[in-house]
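Observations on the three-dimensional arrangement
One letter stands for each residue in the lines below.
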Amino acid sequence: MKLLFIDACLRGEKSRTKRICEKVIDDIKAQFSEIAVETVDLKSLDIKPLYEEDLIKRDALIEKGDLSAFSLAKQFADADIIVVGAPYWDLSFPAVLKVYIENIAVNTIAFCYTEHGQEGLCKAKKAYYVTTGGGYMKGAEFGYQYIKGVFSLFGIEDLSYIGAEGLDIWGNDVEKIIEETIKGITVR
């Protein structure tokens, strides 16, 4: 089994989101004795948004059946479980996560078109979206909604949300909020 951790925790080891992700990953590892963890550290990837010329090249490679340039998409599609760690930024998540999604959304790897519409091709049936926010999200967690929609396109229907809010509000006990979030984690 393979767990893929998509790390959009741009503050590295100081990241509160990453701290919660580590607990999720540890709990999954405890449940599945033979699971390999692969991490995609988005801050260290040299990826860029796709422009017209990139799309033309991508379409030409797919048309030829040459999928060798799509290692990130293959890695994602082959994972059994996915954990996305992304802090709550500007009603969503860090932009590099959107760029990563653009780069893995490859027709014939992550999904395909059939006579019945789009069909997801990813192996994972379970994913977790982990986030933290300095304020209160008040139902405006558009990053989670976006990931839920994209993962559904990829065939991943079971996405759990794990979030801690109010971490930068004056007077809030940050450690207590994080610990309560960690205690409430249920992996299945």
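The following paragraphs examine the structure supplied in this document. (Residues numbered from 1 in each chain as written. Predicted model: local features only at pLDDT ≥ 70, side-chain atom pairs only at ≥ 80, totals over all residues. Heavy atoms only, no water.)

1. With respect to helix 5 (residues 142–153)
- An ideal rise of 1.5 Å per residue puts 16 Å on 12 residues; helix 5 measures up with 17 Å between its terminal C-alpha atoms.
- When we look at burial in helix 5, the residues that qualify are Gly143, Tyr144, Ile147, Val150 and Phe151. Along the axis of helix 5, the buried residues cluster in a sector spanning 130°; they form a single face.
- Its buried side turned inward, helix 5 meets helix 3 (71–78), strand 3 (81–85), helix 4 (95–104), strand 6 (126–132) and strand 7 (158–164).
- Measuring from the backbone nitrogen of Gly143 back to the side-chain oxygen at the start of helix 5 gives 2.9 Å, which picks out Glu141 as the cap.
- Looking one or two residues past helix 5, Gly155 carries a phi angle of roughly 95°, positive in sign. (Helix = DSSP H or I, 4+ residues; strand = E, 2+ residues; numbered from the N terminus. Expected span 1.5 Å × (residues − 1). Buried < 20%, exposed > 50% of the residue type's maximum accessible area, 1.4 Å probe, protein only. Arc of directions from axis to C-beta. Contact = heavy atoms within 4.5 Å. Polar contact = N/O pair within 3.5 Å; in protein donor to acceptor, adjacent residues only side chain to side chain.)

2. Overview of the packing of aromatic side chains
- What the rule picks out here adds up to eight aromatic pairs.
- Both rings, one in Phe76 and one in Phe151, keep their centres 5.5 Å apart while their planes meet at 65°; by these two values the pair is edge-to-face. A residue pair is termed long-range when its members are at least 10 positions apart, and Phe76 in helix 3 and Phe151 in helix 5 qualify at 75 residues. In this structure, Phe76 and Phe151 share a single accessibility class: buried.
- Taken together, a centroid distance of 5.8 Å and an interplanar angle of 55° make the contact between Phe93 and Tyr146 tilted. Residue Phe93 is located in the loop between strand 3 and helix 4, and its partner Tyr146 is located in helix 5; the two are separated by 53 residues in the primary sequence.
- Among the residues examined, Phe93 registers a relative accessible area of 9% and is labelled buried.
- When its relative accessible area of 28% is taken as the criterion, Tyr146 is described as partly exposed.
- Grouped by ring-pair contacts, the aromatic residues Phe76, Phe111, Tyr113, Phe151 and Phe154 constitute a single cluster.
- Taking the ring centre of Tyr128 as reference, the NZ or CZ of Lys126 above it sits at 4.6 Å. (Phe/Tyr/Trp six-rings, centres within 6.5 Å; stacked < 30°, edge-to-face > 60°. Lys NZ or Arg CZ within 6 Å of the ring centre and 35° of its normal.)

3. Describing the side chain of Thr131
- Locating Thr131 in the fold gives a position in strand 6.
- Note on Thr131: relative accessible area 0%, which makes it buried.

4. Points about the sheet that holds strand 2 (residues 36–41)
- As summarised here, the arrangement of the five strands in space is 2-1-3-6-7, forming an open sheet in which the pairing is parallel. With one partner strand each, in any of the chains shown, strand 2 and strand 7 form the two edges of the open sheet. Across this sheet, the average inter-strand angle for adjacent strands is 15°, counted without regard to direction.
- Along the sheet, helix 1 (residues 16–31) makes contact with strand 1 (2–7), strand 2, strand 3, strand 6 and strand 7, crossing strand 6 at roughly 155°. (Pairing = 2+ DSSP bridges. Axes fitted to C-alpha atoms, helices over the stretch in contact; angles between N-to-C directions.)

5. A few points about the pattern of salt bridges
- All chains considered together, the criterion is met by 14 salt bridges.
- Between Glu13 and Lys18 there is a salt bridge, with its nearest N and O atoms 3.3 Å apart.
- Among the ionic pairs, Glu175 bridges to Arg19, the shortest N-O distance being 2.8 Å. One end of the pair, Glu175, is in helix 6 (residues 174–183); the other, Arg19, is in helix 1, with 156 residues separating them in the sequence.
- We classify Glu175 as partly exposed; its relative accessible area is 41%.
- When its relative accessible area of 28% is taken as the criterion, Arg19 is described as partly exposed.
- A network of salt bridges, in which partner residues are shared, links Asp7, Glu13 and Lys18. (Salt bridge = Lys/Arg side-chain N within 4 Å of Asp/Glu carboxyl O.)

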